[in-house]
Amino acid sequence: MTEDGKEATAGGGNSDAASGQPSEPPSPAVGERGPMIQVRNLHKRFGDNKVLKGVSLDVQRGQVTVFIGPSGSGKTTLLRCINFLEEYDEGEVLIDGQLMGYRDEGGRRVRDNESNISRMRAQMGMVFQHFHLWPHKTVIENVIEGLVVVQRMDKKAAAERGAQLLERVGLGDKIDVYPSTLSGGQMQRAAIARALAMEPVILLFDEPTSSLDPELVGEVLDVMKTLAEEDSRRQGSTMVVVTHEIGFAREVADNVVMLDEGHIIEQGPPDTVLRNPSHPRTQNFISKVLH
Ligand SMILES: Nc1ncnc2c1ncn2[C@@H]1O[C@H](COP(=O)(O)OP(=O)(O)O)[C@@H](O)[C@H]1O
Ligand SMILES: [Mg+2]
C-alpha cells in the first residue's frame, strides 16, 4: 500500500461525522500533496527522430521508480526532460505540482526564465553514467562545489557537510585525493555525495553502474539501497533510477516502468513487471539483461 493509502485511512478515522465537528476541508497534510513528479503526455523529438511519443507517469513522494528498456528507447531523454536539461515539445512535467521549464504567456507556452528553472532544478540531484567529476579538484572540492558556488555557503560549513557525506558513502579516507586516483565505483560514490550535498528532494540516476567493472557495481548499488531505505523511512528523497540491474530493481523499486520506442509499454510493482511481465517485449528485455 502507498503512503497515500495510509493517509486516507487515517483521515477516515478522524472524520467529521465521528468528531461532530462542522465539516471544513482540512489543509492537506504532507502525504496528501499528490505525486512528486507528474509527467503528462510528454513528447520529445530530435529533428525527425520522435524519441518520446506521449509518456505519462506519476512518481510518488519518497518512492523509488526504476526505468528499464532497450538502448535508444528514450530513458535518458525522459530523465533529462524531468530536470529540464532537455526542452520538450508537448505535454507537461510537473514537479511538486509546478510546471517545469515553461510558463503561460497570453495562452502561449514560453520557456520560463532561467532563475525559475534553476530554482526548480535545484530540487533535483542527478547522477550520470560517467560521473562528471572535475579532474582538477579534489574529491571534497567536487562535492562542495555547488554549496560554495551556487548556495554561497561558508567554506568551512560546506567542508563539514561534504566530509559527512563522503563518510556516508564510504569515502571518509578519500576526502583530499584527486578523482584520477579513485576506482570507478569510488568515483560514482563521490558523485552521489555531490548530488546529496545540495539536499535535493528528487534524485535522478542515469545508469549509474553501467560503466563500472562488474566487481565495482555492488558498492554503488549498496549506497543507493541505503539511500532508498533511509529515505523511505523518513519520506525524504524520491528516487528515479535508470538501470539494467534487475536484482536491484526487484529489491528496491516501488514502481518499475518499461520504456520501448518512446512509449511506456508496462509499469507496476517489481513483482509484476519483473517477475511476471505481461508484455512480450518486457519479457524479452528482461531475459536478455539477465543473460
Ligand atoms: N541530444 C540529442 N540529439 C539528437 N538525438 C538524440 C539526443 N539525445 C538522444 N537522442 C536520440 O534519442 C533516442 C533515445 O535516446 P536516449 O534517450 O538516450 O535512450 P536510452 O537512454 O533509452 O538509451 C536515440 O535515438 C538517440 O539517438
Ligand atoms: Mg540512456
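Residues numbered from 1 in each chain as written. Chains lettered and ligands numbered in written order. Predicted model: local features only at pLDDT ≥ 70, side-chain atom pairs only at ≥ 80, totals over all residues.

### Quick look at the overall build of the protein
Point 1. From N to C terminus, the protein includes eleven helices and twelve strands.
Point 2. A buried classification covers 38% of the 291 residues belonging to the protein.
Point 3. Relative to all contacts within the protein whose residues are 6 or more apart in sequence, the contacts with residues 24 or more apart total 64%. (Helix = DSSP H or I, 4+ residues; strand = E, 2+ residues; numbered from the N terminus. Buried ≥ 20, exposed ≤ 12 C-beta atoms within 10 Å, placed from the backbone. Contact = placed C-beta atoms within 7 Å.)

### Some details on the confidence of the model for the protein
Point 1. With 87% of its residues at a pLDDT of 70 or more, the protein has an overall mean of 89.
Point 2. Below a pLDDT of 50 lies the segment residues 1–22, which in the model reaches 14 contacts outside its immediate sequence neighbourhood of four places, other chains included. (pLDDT = per-residue confidence, 0-100.)

### Observations regarding the site of ligand 1
Point 1. All residues in the neighbourhood of ligand 1 are listed as Phe46, Asn49, Val51, Gly69, Ser71, Gly72, Ser73, Gly74, Lys75, Thr76 and Thr77.
Point 2. Contributing elements (two or more residues each) for the shell around ligand 1: strand S2 (49–59) and helix H3 (75–82).
Point 3. The element contributing the most residues to the shell around ligand 1 is H3, with three residues. (Near = placed C-beta within 6 Å.)

### Looking at unusual backbone geometry
Across residues other than glycine, the phi torsion is negative in most instances, and most of the peptide bonds are trans.
Point 1. The backbone of Phe84 sits at a positive phi, close to 65 degrees, despite the residue not being glycine.
Point 2. Unusually for a residue other than glycine, Phe131 sits at a positive phi of about 65 degrees.
Point 3. Judged by the 21 C-beta atoms lying within 10 Å of it, Phe131 falls in the buried class.

### Quick notes on the environment of Gln63
Point 1. If you trace the backbone, Gln63 turns up in the loop between S2 and strand S3 (64–68).
Point 2. Separated by 174 residues in sequence, Gln63 and Ser237 place their C-alpha atoms 7.7 Å apart.
Point 3. With near-sequence residues (within four places) excluded, Gln63 lies in contact with Thr238, Asp254 and Asn255.

### Let's talk about the packing of helix H5 (residues 139–149) against helix H7 (residues 184–197)
Point 1. At a closest axis distance of 8 Å, the pairing of H5 and H7 adopts a crossing angle of 25 degrees. By the angle between their axes, H5 is roughly parallel relative to H7. Seen along the crossing, H5 lies across H7 with a hand that is right-handed. Along the contact surface, H5 presents Val139, Asn142, Val143, Ile144, Gly146 and Leu147, while H7 presents Ala190, Ala193, Arg194 and Ala197.
Point 2. Here the contact of H5 with H7 is composed, by residue class, of seven nonpolar, two polar and one charged. (Axes fitted to C-alpha atoms, helices over the stretch in contact; angles between N-to-C directions. Parallel < 35°, antiparallel > 145°, perpendicular 65-115°, else oblique. Left-handed = near helix turned anticlockwise from the far one by under 90°. Nonpolar A, V, L, I, M, F, W, Y, C, P; charged D, E, K, R; others polar.)

### What to know about the sheet that holds strand S5 (residues 98–99)
Point 1. Here we have four strands laid out as an open sheet, ordered S2-S1-S4-S5, and antiparallel in their pairing. The outermost strands of the open sheet, each flanked by one partner alone, are S2 and S5.
Point 2. Here five bridges tie strand S1 (residues 37–46) to strand S4 (residues 90–95), and the two strands are oriented antiparallel to one another. Each bridged residue has a counterpart across the sheet, and for His43 the counterpart in S4 is Glu90. (Pairing = 2+ DSSP bridges.)

### Remarks on the sheet that holds strand S11 (residues 255–260)
Point 1. Pairing in this open sheet of six strands is mixed, and the strands run S8-S9-S10-S3-S11-S12 from one edge to the other. With partners counted over all chains shown, the strands left at the sheet margins are strand S8 (124–127) and strand S12 (263–268), one partner each. Between one strand axis and the next, the sheet turns through 15 degrees on average, direction left out of account.
Point 2. Seen against the sheet, H3 touches S3, strand S9 (202–206), strand S10 (238–242) and S11 and runs at an angle of roughly 150 degrees to S10.

### Quick look at the pairing of S4
Point 1. Strand direction decides the pairing type here: S4 and S5, joined by two bridges, are antiparallel. Looking across to S5, one finds that Leu94 is bridged to Leu99.
Point 2. Hairpin connection, S4 to S5: the antiparallel pair is bridged by two residues, and Asp96 has positive phi, about 50 degrees.

### Considering the environment of Ser56
Point 1. Along the chain, Ser56 turns up in strand S2.
Point 2. C-alpha separation for the pair Ser56 and Ile264, spaced 208 residues apart in sequence, amounts to 7.8 Å.
Point 3. Those residues within four positions of Ser56 in sequence are excluded, and the remaining contacts are Val39, Arg40 and Asn41.

### Description of H5
Point 1. Those residues of H5 lying buried are Val139, Ile140, Asn142, Val143, Ile144 and Leu147.
Point 2. Against helix H6 (155–168) and H7 lie the buried residues of H5.

### Here's the deal with the nonpolar core
Point 1. Ranked by size, the top nonpolar core spans 73 residues in total, and within it Val66, Val143, Ala193, Leu204 and Val256 carry the most contacts.
Point 2. A total of eight residues in this core trace back to one element, the largest contributor, which is H7.
Point 3. Apart from residues lying up to four places away in sequence, Val143 is in contact with Gly162, Leu165, Leu166, Ala190, Ala193, Arg194 and Ala197. (Core = buried A, V, L, I, M, F, W, Y, C linked by C-beta atoms within 7 Å.)

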